[in-house]
Amino acid sequence: MKIGNVTQVLNRINEIEAKFNFSSENDDKSFEKTLQKELQPTKATQNHDNKKTQDVKAILQETAQRYGVDPTLVDNLAKTESNYQTDVVSSAGAIGVMQLMPETAQELGVKNAYDPRENIEGGVKYLKTLLNKYNNTEQAIAAYNAGMGAVDKCGGVPPYEGTKEYVAKVLNKN
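About the criteria used
Residues numbered from 1 in each chain as written. Predicted model: local features only at pLDDT ≥ 70, side-chain atom pairs only at ≥ 80, totals over all residues. Heavy atoms only, no water. Phe/Tyr/Trp six-rings, centres within 6.5 Å; stacked < 30°, edge-to-face > 60°. Helix = DSSP H or I, 4+ residues; strand = E, 2+ residues; numbered from the N terminus. Buried < 20%, exposed > 50% of the residue type's maximum accessible area, 1.4 Å probe, protein only. Salt bridge = Lys/Arg side-chain N within 4 Å of Asp/Glu carboxyl O.

J.: Just checking my understanding: could you explain the packing of aromatic side chains for this structure?
T.: Aromatic rings considered in pairs are described by the distance between their centres and by the relative angle of their planes. Throughout the structure, instances matching the rule amount to 1 aromatic pair. Centre to centre, the rings of tyrosine 126 and tyrosine 144 are 5.5 Å apart; their planes meet at 50°, and the pair counts as tilted. Of this pair, tyrosine 126 sits in helix α6 (residues 116–134) while tyrosine 144 sits in helix α7 (residues 137–146); the two residues are 18 residues apart in sequence, bridging distant segments of the chain. As far as the burial class goes, tyrosine 126 and tyrosine 144 line up, both buried.

Here's what the structure looks like:
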């Protein structure tokens, strides 16, 4: 039996406890209570995550200003791409805050796509290139998501549902 998430684990524990007439309601040392306590993020973890996110946002703002790109647009893009996570890798292989594909990162001069500063530098540089090419924010955002080939072929935002939703989310239209 494969168990996919914590809720399923806890439900299975409750089933086993019921089967053996074990009651953990008043037992502070029960497995369920221990597990639930461990799953609660600590203030130290939350503070570290908040600090890390604030650091990433500061780099985004600084880099956007240096490239002359709207900082809000860059922030929305990073939030949509990775939720500001520096170590995330997509199922397609895109890496980091700005979700750079390894080939794209290399073309942009990014040596370590996991380094937030390098990743953001490459992502904003790429976004600036797209904004210059299309002279249209929606098309540039669509190209960031679906690729320039798709935007060029369609002559605008491709009719892909995922890309249309992505563009709306980045531009705060949904």
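On we go.
J.: Could you clarify how one ought to interpret unusual backbone geometry in this entry?
T.: It is generally the case that most residues other than glycine have a negative phi and that most peptide bonds are trans. Despite not being glycine, asparagine 83 shows a phi value in the positive range, around 55°. For asparagine 83, the location among the structural elements is in the loop between α4 (71–82) and α5 (102–107). Overall, asparagine 83 belongs to the partly exposed group, its relative accessible area being 40%. Of note in this structure, asparagine 135 is not a glycine but carries a positive phi near 50°. With respect to the helices and strands, asparagine 135 occurs in the loop between α6 and α7. For asparagine 135, a relative accessible area of 72% corresponds to the exposed category.

J.: Sorry if this is basic, but what is going on with the pattern of salt bridges here?
T.: It is possible for side chains bearing opposite charge to pair when their charged atoms get close. Evaluated as defined, the whole model comprises 6 salt bridges. Here glutamate 62 and arginine 66 are joined by a salt bridge, their closest N and O atoms 3.9 Å apart. One end of the pair is glutamate 62 and the other is arginine 66, both in helix α3 (residues 43–67) and 4 residues apart, which spans about a single turn. Judged by relative accessible area, which is 38%, glutamate 62 ranks as partly exposed. For the salt bridge of arginine 117 with glutamate 62, the shortest nitrogen-to-oxygen distance reads 3.2 Å. Linking arginine 117 in helix α6 with glutamate 62 in helix α3, this pair joins segments that are 55 residues apart in sequence.

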